[in-house]
Amino acid sequence: MARPTILLNRQTIAEHIQIASVISAIERAMADFERGNDYLPPKAIYQLPVPAAFAACIAGYTKAANLMSMKIGQERTHNVQRSLPTTNSWIMAFEPESGELLMICDGTLPTMYRTAAAAATGIRHLARGDASTLAVIGAGQLGRQCVRAAVATRSFDRVFLHDVVPETAQQAATELSAQLGIFIAAVDAQVACQEADVIVTATNSRSPIVLSDWVRPGTHLSCMGADLHEKIECEPKLLPRCKIWSDQTEHCLQRGEVSQAVEHNLLSRDCYVGTLGQLINGDSDGRSSDLDITMFDGVGIGIQDTTVLRAIYDQAVEDDLGVRFAFS
Ligand SMILES: NC(=O)c1ccc[n+]([C@@H]2O[C@H](COP(=O)([O-])OP(=O)(O)OC[C@H]3O[C@@H](n4cnc5c(N)ncnc54)[C@H](O)[C@@H]3O)[C@@H](O)[C@H]2O)c1
């Protein structure tokens, strides 16, 4: 008999799953993916004929999670004026052999979790051992989770937050500093970048924020916000100074931080040292000196959703969370 579908909202996920619990699962998933057991179809991106309206369909299957996931994401940059979130998504989880629909849940928080976990995995494997100052550029949904994931991965003495809306950065700094018990201050972009050993970018900007002159030798950057070709967070002339790893190279060459630099002939298509999964598996070189500037270019891949979804589904079954619904 078919299992009922679990319906789960964002609040229930937030109450029962913490970001720190998914970081090592994401790290393992990125390594497993390189061993060829999983399935990652191309992302489908749709630009709607209404202002600033994008949708994405992202799927994945992983053998380790024994799950197939399908996510529909929506981005509406103008939602700021409507006091609505700029990004929203919903995910479905399927049993791979029977095709049963096991769960439909909020996809926004799982997306923030898996993306922040990937950013933190980049920090774990690429930042200098003595890195002690973190800068997070963008203090929205993703930026806040990136702070949580980064400090769960490394101990940072100082965290600087920057947002184009200063009140957003100030509010995030106050809340996160109280929750995490560490020094977090809202500052301008130049101070954040110049002081940082590690920079995480998490904005939806269409123009560069992190200027090359502000980035010191030895810095690590996890660049997560630019997940469309139109988006950019780092000044293009910074990129040739960096050693760069992708989450999945073909996906990154189509969109994200590197794609525009390749289009403008500042970088070649073979600019990546490797993928983060290859690095974790020991199949790619890593940082070779304390003077290297390293960059993890993460545009987000479906197998990360699948991995987080397995943790959420198991928790929902174990704790009888959400609502059970039979479609037939
Ligand atoms: N790589 C991935 O896998 C992945 C996953 C999820 C989201 N994203 C992307 O991450 C970005 C952030 O998503 P979110 O849900 O946190 O959005 P959000 O709207 O909650 O937050 C974005 C923040 O960036 C700030 N910002 C915009 N332009 C800026 C600039 N020029 N300088 C400084 N701050 C600026 C905004 O004020 C806002 O606070 C989006 O582009 C989203 O598509 C990527």
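The preceding data block contains the structure.
What you are looking at is a predicted structure, and each value in this text was computed from that prediction instead of being measured.

Caption draft 1: Geometry of the site of the ligand. Surrounding the ligand, one finds 27 residues, the nearest of these being Thr 86, Arg 114, Leu 142, Asp 163 and Lys 231. At 2.7 Å, a side-chain N or O of Arg 114 approaches an oxygen atom of the ligand. When the ligand is considered free in solution it has 860 Å² of accessible area, and contact with the protein chains removes 88% of it. Elements that contribute at least two residues to the shell around the ligand include exactly α3 (108-126) and α4 (141-153). With four residues, the top contributor of residues to the shell around the ligand is α3. Counted by class, the shell around the ligand contains eight nonpolar, 14 polar and five charged residues.

Caption draft 2: Highlighting the sheet that holds strand β10 (residues 198-201). The strand order across the open sheet built from eight strands is β9-β8-β7-β10-β11-β14-β12-β13, with neighbouring strands paired in parallel fashion. Every other strand in the sheet has two partners, leaving β9 (183-186) and β13 (272-275) as the edge strands with one partner each. Direction aside, neighbouring strands of the sheet carry axes that sit 20° apart on average. Here strand β11 (residues 220-223) pairs with strand β14 (residues 293-297) via four bridges, running parallel. Residue pairing in the sheet places Leu 221 in a bridge with Met 295 of β14.

Caption draft 3: View of α4. When the terminal C-alpha atoms of α4 are compared, their 19 Å separation across 13 residues agrees well with the 18 Å that a helix rising 1.5 Å per residue should span. Residues of α4 that are buried: Leu 142, Gly 143, Gln 145, Cys 146, Val 147, Ala 149, Ala 150 and Thr 153.

Caption draft 4: Looking closely at the pairing of strand β6 (residues 101-106). Here β6 lies mainly inside the structure; five of its six residues are buried. Direction of pairing for strand β1 (residues 5-8) relative to β6: parallel, over a ladder of three bridges. Each residue of the ladder has a partner; that of Leu 7, found in β6, is Ile 104. Sheet analysis places strand β5 (residues 87-94) next to β6, joined by five bridges and oriented antiparallel. Bridged to Met 92 within β6 is Ile 104.

About the thresholds
Position numbers for residues start from 1 in each chain and track the written sequence from start to end. The model is predicted, so local features are restricted to residues of pLDDT at least 70 and side-chain atom pairs to those at 80 or more, both for listing and for counting; the totals for chains, interfaces and linings are taken over all residues. Hydrogens and waters are ignored; side-chain quantities use all the structure's heavy atoms. Nearness is judged by heavy atoms alone; a residue qualifies as near a molecule or strand once a single heavy atom is within 4 Å of it. Pairing of N or O atoms within 3.5 Å defines a polar contact, subject to two protein rules: one partner must be a possible hydrogen donor and the other a possible acceptor, and residues neighboring in sequence count only if both atoms are side-chain atoms. The protein chains shown are the only cover counted for residues, whose accessible areas, like all others here, come from Shrake-Rupley with a 1.4 Å probe. Per the convention used, a helix needs a DSSP run of H or I reaching at least four residues, while a strand needs a run of E reaching at least two, with both numbered from the N terminus. Polar here means any residue other than Ala, Val, Leu, Ile, Met, Phe, Trp, Tyr, Cys and Pro, which are nonpolar, and Asp, Glu, Lys and Arg, which are charged; Gly is therefore polar. Paired strands, in this sense, are two strands between which DSSP finds at least two bridges. Geometry is summarised by axes, namely lines fitted to C-alpha atoms with helices restricted to the contacting stretch, and by angles between N-to-C directions that run from 0 to 180 degrees. What a helix should span is 1.5 Å times the count of its residues minus one. Buried, partly exposed and exposed residues are distinguished by accessible area as a fraction of the type maximum, computed with a 1.4 Å probe on protein chains only: under 20%, between the cut-offs, and over 50%, respectively.

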